[in-house]
Amino acid sequence: MRRYVHTLVAGALLTALSGCGFGDNDDHEIDFTPPKEEVSEGDVGTEEPQSNIAITEISTGPLDVLEPNSTFRAYYDVHVKGFDDIDVDVHFYLVHAAELDESGETEVEIDEVHKVGALELVSVREGDHTFDIDITVPNDLIGGHYHVVAQIDPHDDHAEDLEDDNHPSVDHEPFSEGEFPFADIQVRVLENHDYKLLGAEFGQEALILDVPDTQDGTSHHHSDLVGFIEADYEGVDLGDSVITAEVMVNGNWVPTHFWNAETQGYEDQILHTFTAGLHDEHIGFDIALDDELLKTIHDGYDAAQEQNLQVRFTLTDTGTNAETITDNNVIEAEIPLYFFSGDEGVSEEEGVAQRGGPQYSVGLANIKLEKSFDKSYGNKSKFSVGVDLNGQLFIVPTGDIGGRVTGEGTVEAYFFNAKNTLFSISYDGSAYVSGFNTGYASEMIIFNNVVFEDEKYTAKYEKSWEKKWEENKVLAKARFTIGPVPMSVEAGVNGSLGFELTVGYNAELYAEGDLFHVDFGAFGRGGIDLALVSAGVQAVLTLIDNTFALESNAGFALVSSGNKNPHIYYGIELKNDLDVISGKFGLYAKTVGVKWCKKWGIPYPCGKKETQYDLWLYQTKSVYNKSWTLYSIEDEIEL
């Protein structure tokens, strides 16, 4: 319409000029003085208003067809007269152009309109100014041709001589023929129904497996691979789906199984229901490899070469109206693979790479029994928790007979990519027949600060600790846009932590109890920069609930009821009870904006409208709710 008006004006001007019959020798004076308009009684004068605020132009520059959730930059010119050093709000909308083409002379509300920007211009001086704004295309557009339109001073905070040019209007003559400021964009038309997998991330740097038939002492409730899948959808027909996982073995994809926190068992697939409005689905997984599959992988493993394990995730729609696009339902990932046998003579580099397997040797050589667990859960750009556990029993059966028991646990968290050590504790107890180096030491760190340490060395001892803390700590700050509203968020944890451990030595070295227990939930607070907008945080999120129990003993006996020969008996058991990242954590903003109507192809405000926008950072079930034995073994050796 804008081009049509320009063509008419240009055509009329050309016709008028061509009708003057100018010749080479003509000597005419041309009077360019415009004729005076007759103003009848009641007509509005054409003098420029003495006070006015208006957006005079909106543009984007060249753009390709835009995808949902993509961002583009818009530029807009602001004219201010009669005001100086003012603060004024500006709201931006995407209006579906096809709806305007279908409008007539009757006022009708526009269905496909989206508020995409809400900002405040601060201390604007009188004159003409150019600003820009980054606009994110909403996920719930239907797609096609859209106008980017704006409304300045939407709540009439400033009294102007001319109010009708603050937005597109049928009452403002320059706008009534479609000459209001707007920019055009094209958005890809969305599918009516389509699920898609976007990526998969592992919560560990490598997959470290015990060689077959050496898992004695480990629980079948083990975790080999943990991580999360990102998924999204298009359309409104949402429902149930299933996700399966396979690993590549000798050129073939072999299925594996997932831990199900609700049934407390392993299953062949994950059941997942997509949530309307949640376009960033977080689907956690906890995969265990069964004995047969483990043996097959080991048969093809070459320790002399670096190897990766390939993993493939497949989503299948189980709804009645199944999707037709399925090539985006498969995602592949890979992770470095190592096997650990506990053999002696392993280099330091290999030992670091293979950390996590039980280590032991028998006979009169030193005995070292150890098990580690190091996994991370969640998305570091939002919330992620890493758990690093270690328990060890070390026995010296010759020379200065004795032993050492250690245990340690660390919980680290990422909030908006900021790393924090929530909690760390270590215990180290030792006993030797000679009495040297016999004693204990313990230390606790909370939020990078040492809050507790205790040590004592003596010929014999017994000590019990029972400590508890209630903590509330802000850990990170970030900035998000919720719908059109910019919001500053600070997040942290609240909850309790502590340990209850008894250790001692009197012919037997022992340590038993909960080395630590942590129970943290995530909280958040939000602040906004705009008036007439309210915002906040909605959170019921278990960040971590974890108990790590340590029970170890080593007895140095000349005789006992079951053995009349001098011997050492020993045992170690490490148990863990873990629940990580379950619940909801989101942000919301409420704005008082306008309702948009259309008439004669012109969009214009026709009332007020309150809109709530939600941004869910997490909305997930716990797949990591598990109690299992990391390691358990007991035996004795004769001296």
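Since the model is a prediction, treat every value here as computed from it, not as a measurement.

Caption draft 1: Spotlight on the pattern of salt bridges. Here the structure, examined in full by the defined rule, presents 19 salt bridges. Its salt-bridge partner being Asp-299, residue Lys-295 comes within 3.4 Å of it at the nearest N-O pair. Of this pair, Lys-295 and Asp-299 both sit in helix α3 (residues 291-299), four residues apart, roughly one helical turn. For Lys-295, a relative accessible area of 46% corresponds to the partly exposed category. Across the pair Glu-412 and Lys-419 runs a salt bridge whose closest N-O atoms are separated by 3.8 Å. The network of salt bridges with shared partners includes Glu-67, Arg-188, Lys-196 and Glu-234.

Caption draft 2: Expanded view of the environment of Tyr-427. Looking at where Tyr-427 falls in the secondary structure, it is placed in strand β23 (residues 418-432). C-alpha separation for the pair Tyr-427 and Leu-501, spaced 74 residues apart in sequence, amounts to 9.4 Å.

Caption draft 3: Quick peek at the environment of Leu-501. With respect to the secondary-structure elements, Leu-501 resides in strand β27 (residues 485-505). Judged by its relative accessible area of 1%, Leu-501 falls in the buried class. When the C-alpha positions of Leu-501 and Glu-466 are compared, they lie 6.7 Å apart, and in sequence the two are 35 residues distant. With near-sequence residues (within four places) excluded, Leu-501 lies in contact with Tyr-427, Lys-463, Ser-464, Trp-465, Glu-512, Gly-513, Asp-514 and Leu-515.

Caption draft 4: A look at unusual backbone geometry. Positioned with a positive phi, Phe-416 is a non-glycine residue whose angle comes to about 55°. Among the structural elements, Phe-416 can be located in the loop between β22 (402-415) and β23. We note that Asn-437 has phi near 55°; this positive angle belongs to a residue other than glycine. You can see Asn-437 is positioned in the loop between β23 and β24 (439-446). Looking at Asn-437, the relative accessible area reads 59%, which means it is exposed.

Caption draft 5: Representation of the packing of aromatic side chains within the structure. On inspection of all chains with the given rule, the structure shows 25 aromatic pairs. Judged by centre distance (5.4 Å) and plane angle (55°), the rings of Phe-423 and Phe-516 are tilted. Of this pair, Phe-423 sits in strand β23 while Phe-516 sits in strand β28 (residues 508-528), and the two are 93 residues apart along the sequence. Both residues of the pair, Phe-423 and Phe-516, belong to the buried class. With 6.4 Å between their ring centres and 35° between their planes, Phe-447 and Phe-520 make a pair best called tilted. With a gap of 73 residues between them, Phe-447 in the loop between β24 and β25 (449-457) and Phe-520 in strand β28 connect regions that are remote in the sequence. Here Phe-447 matches Phe-520 in class, with each residue buried. Connected via pairs of aromatic rings, a cluster forms that spans Phe-383, Phe-415, Phe-416, Phe-480, Phe-585 and Tyr-618. Positioned over the ring face of Trp-259 is Lys-626, at 4.7 Å from the centre of the ring. Of note, Lys-626 hangs over the ring of Trp-628, and the distance from its end group to the ring centre comes to 5.6 Å.

Reading guide: rules and limits
- Residues numbered from 1 in each chain as written.
- Predicted model: local features only at pLDDT ≥ 70, side-chain atom pairs only at ≥ 80, totals over all residues.
- Heavy atoms only, no water.
- Salt bridge = Lys/Arg side-chain N within 4 Å of Asp/Glu carboxyl O.
- Helix = DSSP H or I, 4+ residues; strand = E, 2+ residues; numbered from the N terminus.
- Buried < 20%, exposed > 50% of the residue type's maximum accessible area, 1.4 Å probe, protein only.
- Contact = heavy atoms within 4.5 Å.
- Phe/Tyr/Trp six-rings, centres within 6.5 Å; stacked < 30°, edge-to-face > 60°.
- Lys NZ or Arg CZ within 6 Å of the ring centre and 35° of its normal.

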